[in-house]
Amino acid sequence: EEDENPDPPPPLPEVPAADPEPSSARERLLESVEFGKFWSCFPDGARCSVSIRHDIPWYEEGSTIVDIGTTRPSVTFVYTSASGSSLQVLPDGSSVEHRPKQVCAERVRFEVGSDYSGARAGGPGDVEVSRTVTPTGIFTKELLSGRLEVYHPDGTRSFRNPTWEEFQNR
């Protein structure tokens, strides 16, 4: 009688021993991890982003474990409207609002009735381009001319007009 299967089956391949921990659970230094970025776009063209500020240390260098009950990363929140105006909330709690200069120039034409060329620093046509409010109550405005105005909670205020060269370069 003839055997239908004369050759024995090949031996099964040797299975390597399992690692004590899977590769996805290996430790990595927090400095090497880029995580915590969120972006969203809205139907009207507005955008929103939230990101962890990796440039601001929030853990001990070389750490592989962090207790989020005692320390947390700093984040920045940015909302940009369809017109280009934006609102930022910074890690220290400050909020910054920016308006595009072309939107400000349109406002000047509407409110003053002419273009910005005849306006002077601090005058009626010198509209606000950005503002910052800090957690301590300090309010800062930047005007279209480059003028900076700072208002303190105690009522003190100060300003700085741009030099002629700064004004010409705007």
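Up top you'll find the structure we're talking about.
K.L.:
Describe in detail the pairing of strand β6 (residues 128–133), supporting the description with residues and values.
P.N.:
In the sheet, strand β5 (residues 95–98) pairs with β6 via 4 bridges, with the strands oriented antiparallel. The partner of V96 across the bridge, within β6, is T132. Across 5 bridges, β6 lies against strand β7 (residues 139–143) in antiparallel orientation. Residue pairing across strands places S130 opposite E142, the latter belonging to β7. A loop of 5 residues connects β6 with β7, the two strands running antiparallel in sequence, and G137 in this loop sits at a positive phi of about 95°.

K.L.:
I'd like a description of the environment of P43, backed by residues and values.
P.N.:
Inspection of the secondary structure assignment puts P43 in the loop between β1 (37–41) and β2 (47–52). Separated by 39 residues in sequence, P43 and A82 place their C-alpha atoms 9.5 Å apart.

K.L.:
Break down the pattern of salt bridges for me, citing the residues and quoting the values.
P.N.:
Throughout the structure, instances matching the rule amount to 5 salt bridges. With its nearest N and O atoms 2.5 Å apart, the salt bridge here joins E128 to R131. We classify E128 as buried; its relative accessible area is 9%. A relative accessible area of 29% means that R131 is categorised as partly exposed. R147 is the partner of E149 in a salt bridge, and the nearest nitrogen-oxygen pair spans 2.7 Å. Side by side, E149 and R147 carry an identical accessibility label, which is buried. Within the structure, one salt-bridge network assembled from shared partners comprises E97, R99, E128 and R131.

K.L.:
So, the side chain of T80: which residues are in play, and what are the values?
P.N.:
Following the sequence through the fold, T80 ends up in strand β3 (residues 75–80). Among the residues examined, T80 registers a relative accessible area of 12% and is labelled buried.

K.L.:
Mind laying out the packing of aromatic side chains, listing which residues take part and the relevant values?
P.N.:
Following the criterion strictly, the structure yields 2 aromatic pairs and no others. Each ring, one from F42 and one from Y79, has its centre 6.3 Å from the other, and the planes form 50°; the classification is tilted. You can see F42 sitting in the loop between β1 and β2 and its partner Y79 sitting in strand β3, a full 37 residues away along the chain. Given a relative accessible area of 31%, Y79 falls into the partly exposed group. With centroids separated by 5.8 Å and ring planes inclined at 35°, the aromatic side chains of F139 and Y151 adopt a geometry described as tilted. Taken together, the residues F139 in strand β7 and Y151 in strand β8 (residues 148–151) connect sequence positions 12 residues apart. The exposure class of F139 is partly exposed, given its relative accessible area of 21%. Judged by its relative accessible area of 25%, Y151 is partly exposed. In this arrangement the basic side chain of R147 is found over the ring face of F159, its NZ or CZ atom lying 4.2 Å from the centre.

Definitions and cut-offs
Residues numbered from 1 in each chain as written. Predicted model: local features only at pLDDT ≥ 70, side-chain atom pairs only at ≥ 80, totals over all residues. Heavy atoms only, no water. Pairing = 2+ DSSP bridges. Helix = DSSP H or I, 4+ residues; strand = E, 2+ residues; numbered from the N terminus. Salt bridge = Lys/Arg side-chain N within 4 Å of Asp/Glu carboxyl O. Buried < 20%, exposed > 50% of the residue type's maximum accessible area, 1.4 Å probe, protein only. Phe/Tyr/Trp six-rings, centres within 6.5 Å; stacked < 30°, edge-to-face > 60°. Lys NZ or Arg CZ within 6 Å of the ring centre and 35° of its normal.

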